[in-house]
Structure formats: structure tokens, C-alpha cells
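Residues per chain, in single letters:
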Amino acid sequence: MNAIILAAGLGSRFEEWTKTKHKALLPINKVPNLERTIQFLIEAKINEIYIVTGHLANQFEYLTKKFPGVKLIFNKMYKEYNSIYSFKLALPYFEDSFIIDADTVFLENIFLNLKPIQSTYFTIIRINQENEWCPILDINQKVIDIKITDEQLPSLSGVSFWEMKDCKIIKQHFSNYLQSQNLKKPSLYWDNIPLDLIENLNITISQLKQNTLYEMDNQKDYLKIIKSIT
């Protein structure tokens, strides 16, 4: 079991803040957010951690010295391409993997209690939910679709787990999404690939407690998180 963290983005919605500081390294309780995530993973004995970097990649280098299990993967196309290309670079390590968005802020170590045996979207119900990706389940609790809605439904949290069999299926089809017109679409994410393949995958959901984690997309989100924990 390993973890892949996607941290190549420009963080442009943070405006001037992320011109000199990567958003994944903004401090939460005086510790860079991504460092907190790594500490939580290691506490849960997930020691093999791959971080896909791009924007301000040099700021992540200290992590490999501080945490021996951390490996950095540099995405030189981070300005031109979306997260599909970042994920392509991590494909060799995609096997029984947690996938984590670098802008996810964990307020507690959810990994200590997560023992997934099948591919799982970890979901959360957000207060004042805007348009979010919300899984639709069949009677067997298998994800059969995802709809984007502002309804108060469990939505993707920024953390998922992918079991080996599903990893192999995604890898087999991944090259179909590497055309330039797909990679240059800012509206496409790596998550669109399992969504396209949903009928062939065996994915369920596991709902996290509210206030377990937050997503910081912009300055307002970050300041709200800081206020909530002080």
C-alpha cells in the first residue's frame, strides 16, 4: 500500500500568495499542510509516498530528507497540462494506492482507521456545499455514476483508495486520454478517467465525519480553516 499526492498545480486561485509559496505548504498550526499529511500517513504505516510536483517544485525537496519514504516526481508540463498528465507520471506506482489532493487539510489522522479492501471514494458532506462531485450508488453500494451538484449529498473529499485490480484496468485505458486536446482542458481532471470507466470498476464509498478534513481552494478557504482551528 502506498500514497500518491498530486501537488503540481499553480494554485492560481490563491492569487499573489502562491507566487512564492506553494499552497500545499501553507502552514496549518505552524506546520506546512503537506508535511502534516505525510506525518499522518507514516503514523498509519503508509511509508511509501510519491508526490507529483511542478510549480515551485524546489520547495518540496526538503521533504525527501526529512521523510526517507518520500519520493518526488517532477511534472515539467505543469503549466500546460492538467492533472491527467501528473497522474500519468505516477502510473508506475499506482497499485493499492491512496490518491490525495495536496490541498486537502486533515484535522485528524483518518488513515489510522482506514482499512479499505476495495476501491473507495472517501466522501464528506460539506456545509454550504457548492458544486461538488457526488457519487451515485446502486443497491449493492457500488458507485455507478457521479453527478456534479450543490445538493447536500456526500461528495468526494480529495482522498480515494484504489485496489490493485482497478488500478490495472485504469492503467490499461490511460493512454486513451493522453491526447493534447484532453491534457490542455482545464475542466478535465484525472478523476474523469475512472468516471468514464465506472462500469468496469468496483468502487464503493466510505463517509467521513464532518470537520474531519477541509479543502483549501483559495485564500478565503484557507483563512476559514485557520479560524476554525484556533
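Predicted model, so just to flag it, every value in this text is computed and none were measured.

A ring pair, where both rings are aromatic, is described by two values, the distance of the centres and the angle of the planes. By the definition in use, this model includes 13 aromatic pairs. On the numbers, 3.9 Å between centres and 5 degrees between planes, the contact of Phe 87 with Trp 190 is stacked. One end of the pair, Phe 87, is in helix α3 (residues 83-90); the other, Trp 190, is in the loop between α5 (180-183) and α6 (192-196), and 103 residues separate them in sequence. When sorted by exposure, Phe 87 lands in the same class as Trp 190, which is buried.

Moving on, we get to the sheet that holds strand β1 (residues 2-7). Think of a sheet as strands paired side by side through backbone hydrogen bonds, with each pair either parallel or antiparallel. Read across the sheet, 7 strands follow the order β5-β4-β1-β6-β11-β8-β12 without closing on themselves; strand pairing throughout is mixed. A single partner strand is all that each edge strand has here, and the edge strands are β5 (70-74) and β12 (203-207). When the angles between neighbouring strand axes are averaged without regard to direction, this sheet yields 25 degrees. Strands β1, β4 (49-53), β5 and β6 (97-101) of the sheet are contacted by helix α1 (residues 33-43), whose axis makes an angle of about 160 degrees with β4.

Rules used in this analysis
Residues numbered from 1 in each chain as written. Predicted model: local features only at pLDDT ≥ 70, side-chain atom pairs only at ≥ 80, totals over all residues. Heavy atoms only, no water. Phe/Tyr/Trp six-rings, centres within 6.5 Å; stacked < 30°, edge-to-face > 60°. Helix = DSSP H or I, 4+ residues; strand = E, 2+ residues; numbered from the N terminus. Buried < 20%, exposed > 50% of the residue type's maximum accessible area, 1.4 Å probe, protein only. Pairing = 2+ DSSP bridges. Axes fitted to C-alpha atoms, helices over the stretch in contact; angles between N-to-C directions. Contact = heavy atoms within 4.5 Å.

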